[in-house]
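Structural features, examined
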Amino acid sequence: MANRSEEAEDENDSRRNQQDKKREGVLDLVLKRPLRWLRMLIEELHWSFFFGVIVVYGVSQGLGKGLSKVSTQYYLKDEQMVQPSEAQVYVGLIQIPWIIKPIWGLLTDVVPILGYRRRPYFIFAGVLATISMMVLWLHTNLHLALALSCLVAASAGVAIADVTIDACVTQCSISHPTLAADLQSFCGLSSSIGSLVGFSLSGVLVHWFGAKGVYGLLGLTAGLVVVVGMLLKESPTRNLGRKHVNEKFVDAGSKIWKTFQYGEVWRPCLFMLLSASVSLHMHEGMFYWYTDSKDGPSFSKEAVGSILSFGAIGSLVGILLYQNFLKNFPFRNVVFWALSLSVLSGFLDLILVLRINLKLGVPDYFFIVVDEFVSHMISRIKWLPLLVLSSKLCPAGMEGTFFALLMSIEHVGHLMSSWGGGVLLRSLNVTRTQFDNLWLVIVIRSLLRVVPIGLVFLIPNVDPNSTILPAEMLMNQRNEAEKIEMTALISNEA
């Protein structure tokens, strides 16, 4: 009996030890490992850079995107009374400042202001966005043209801050090549968490304060970008004369042209442009359908905001999946499978619009939440390897300009897809109250997503730890880096 009692106690102890190990494993995965990862990044990079990434990506872009997207949708729909096809075109118009990001990047790289190359641009970006949001908030009965001008100006403020922090991130990717994927994951993580908070609050805030009231809150968040400009660690550099600045512009243009002559550079750029262009956007058409009381589910503002918050959660899950399981796989393989899944997920909207989900007993809200989550998760997994690849294609000393140029190529594609979606909505007579042909728009959009799969051969079939550019070009970068007189923003000191 005593032996049996001891064996039972041993089994209980063994079972408890296994349970404790499982709990420790979950705790390590959920809490300890992310904290060690963040501590490692802070130790490798300066804290002011860390703060800048959180503010620009997390607050200005993430939180700001979540609040501005919903507020702008309701502002155009209820305040300006525009059609969904027109709203789709106007949303594309607001993104134009992101297309000219290379101009902002070139200025931050070669034109210092009062002896600094980065800090003044953060301050200017924050002030511009703040003033624009305040005008939208305080002005009553604002004409559509003036309202769009303010929205474009606010977008320009966010874009300038983005290209400036992009330059910092790209510098770190070059100086710390083993951290390139980690940096992009951290940036994406900050953006997704900010978007999650923004979308979660957007519907409630629009309901409480109205779309214009939310613009007032966005003016406050833009002010944090000014704080980044004041706190960022940057050593002053001498101001250049006009002649010297002109020489820098010519030198920058020459370096950009030389870089684009390499097939390893122009081929992935062509892929990003074509794949984005043919992936037509029809978000505004779906938004009008979501809120329609006759044909659609007639969601409230709070419901719309909560639905979009699940999209932010999907983006966050996509980042975690890429960071933990996919970041060491070749770029081409990850993009190929993400594109394949994107084609299938596109038809989820068709099931919803044809009301097949209701015939299967699946509520609209639950189905849309799943659709939003899955589509954003796949989109993030597809986009992250392209971001890492882009950071490895930038010549030293021109990080801000060249990375901005690569991203502007993507934004040109998104602009074409947004306007193409607007043309398609108008051609098939999808209006504020007519949605009979919305299903056909979805079918055309989903079929066009097949096209980029045939273009993945343009992406280098290498992993993120490989060197993309030729050896002689990397040597040229090191020799010419001093000519650009870039001021190092990031040090190895904590």
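Residues numbered from 1 in each chain as written. Predicted model: local features only at pLDDT ≥ 70, side-chain atom pairs only at ≥ 80, totals over all residues. Heavy atoms only, no water.

**Topic: unusual backbone geometry**
- Look at Met 81: it is not a glycine, yet its phi comes out positive at around 55°.
- Relative to the helices and strands, Met 81 resides in the loop between helix 2 (47-79) and helix 3 (84-94).
- The backbone phi angle of Arg 355 is positive, close to 65°, even though this residue is not glycine.
- Mapped onto the elements of the fold, Arg 355 is located in the loop between helix 14 (348-353) and helix 15 (356-359). (Helix = DSSP H or I, 4+ residues; strand = E, 2+ residues; numbered from the N terminus.)

**Examining the packing of aromatic side chains**
- Per the counting criterion, the structure on display carries 9 aromatic pairs.
- Ring geometry for Trp 289 and Tyr 290: centres 6.1 Å apart, planes at 55°, overall tilted. Accessibility classification places Trp 289 together with Tyr 290 in one group, the buried group.
- Aromatic pair Phe 299 and Tyr 365: ring centres 6.2 Å apart, planes at 80°, arrangement edge-to-face. Separated by 66 residues along the polypeptide, Phe 299 in the loop between helix 11 (283-290) and helix 12 (301-326) and Tyr 365 in helix 16 (residues 364-391) bring together distant segments of the chain.
- An aromatic cluster is present here, built from Trp 289, Tyr 290, Phe 299 and Tyr 365 joined pairwise through their rings. (Phe/Tyr/Trp six-rings, centres within 6.5 Å; stacked < 30°, edge-to-face > 60°. Buried < 20%, exposed > 50% of the residue type's maximum accessible area, 1.4 Å probe, protein only.)

**Some thoughts on the nonpolar core**
- Judged by nonpolar contacts, the single largest core of 71 residues is most densely connected at Phe 49, Val 53, Phe 122 and Phe 271.
- Residue-level mapping places this core at the junction of two domains, with at least three residues from each of domain 2 (45-234) and domain 3 (251-493).
- Setting aside its immediate chain neighbours within four residues, Phe 122 contacts Val 56, Ala 161, Thr 164, Ile 165, Val 225, Val 226, Val 228, Gly 229 and Leu 232.
- Counting residues in hydrophobic clusters, the runner-up holds 54 residues, among them Val 70, Tyr 90, Tyr 215 and Phe 367. (Core = buried A, V, L, I, M, F, W, Y, C linked by side-chain atoms within 4.5 Å. Domains from an automatic or database assignment. Contact = heavy atoms within 4.5 Å.)

**Some points on a nonpolar patch on the surface**
- Residues Trp 47, Ile 123, Val 127, Ile 131, Met 230 and Leu 231 make up a contiguous nonpolar surface patch of roughly 560 Å² in combined accessible area.
- Among the secondary structure elements, those contributing two or more residues to the nonpolar patch are helix 6 (119-138) and helix 8 (180-231).
- Element by element, the count of residues in the nonpolar patch is highest for helix 6, at 3 residues.
- For Leu 231, the position within the fold is in helix 8. (Patch = residues over 30% accessible without salt bridge, like charges linked within 9 Å, V, L, I, M, F, W, Y side chains within 5 Å. Areas by Shrake-Rupley, 256 points an atom, 1.4 Å probe, with all protein chains shown as cover. Salt bridge = Lys/Arg side-chain N within 4 Å of Asp/Glu carboxyl O.)

**Quick word on the side chain of Thr 164**
- By the secondary structure assignment, Thr 164 is in helix 7 (residues 144-175).
- One polar contact links the side chain of Thr 164 to the main-chain carbonyl oxygen of Ile 160, over a distance of 2.7 Å.
- Ignoring sequence-local partners within four residues, the contact set of Thr 164 consists of Thr 108, Arg 118, Tyr 121 and Phe 122. (Polar contact = N/O pair within 3.5 Å; in protein donor to acceptor, adjacent residues only side chain to side chain.)

**Notes on the environment of Leu 201**
- Mapping Leu 201 onto the fold places it in helix 8.
- Remark: the alpha-carbon pair of Leu 201 and Glu 302, spanning 101 residues in sequence, is separated by 8.2 Å.

Purely geometric stuff here, so don't read any function into it on its own.
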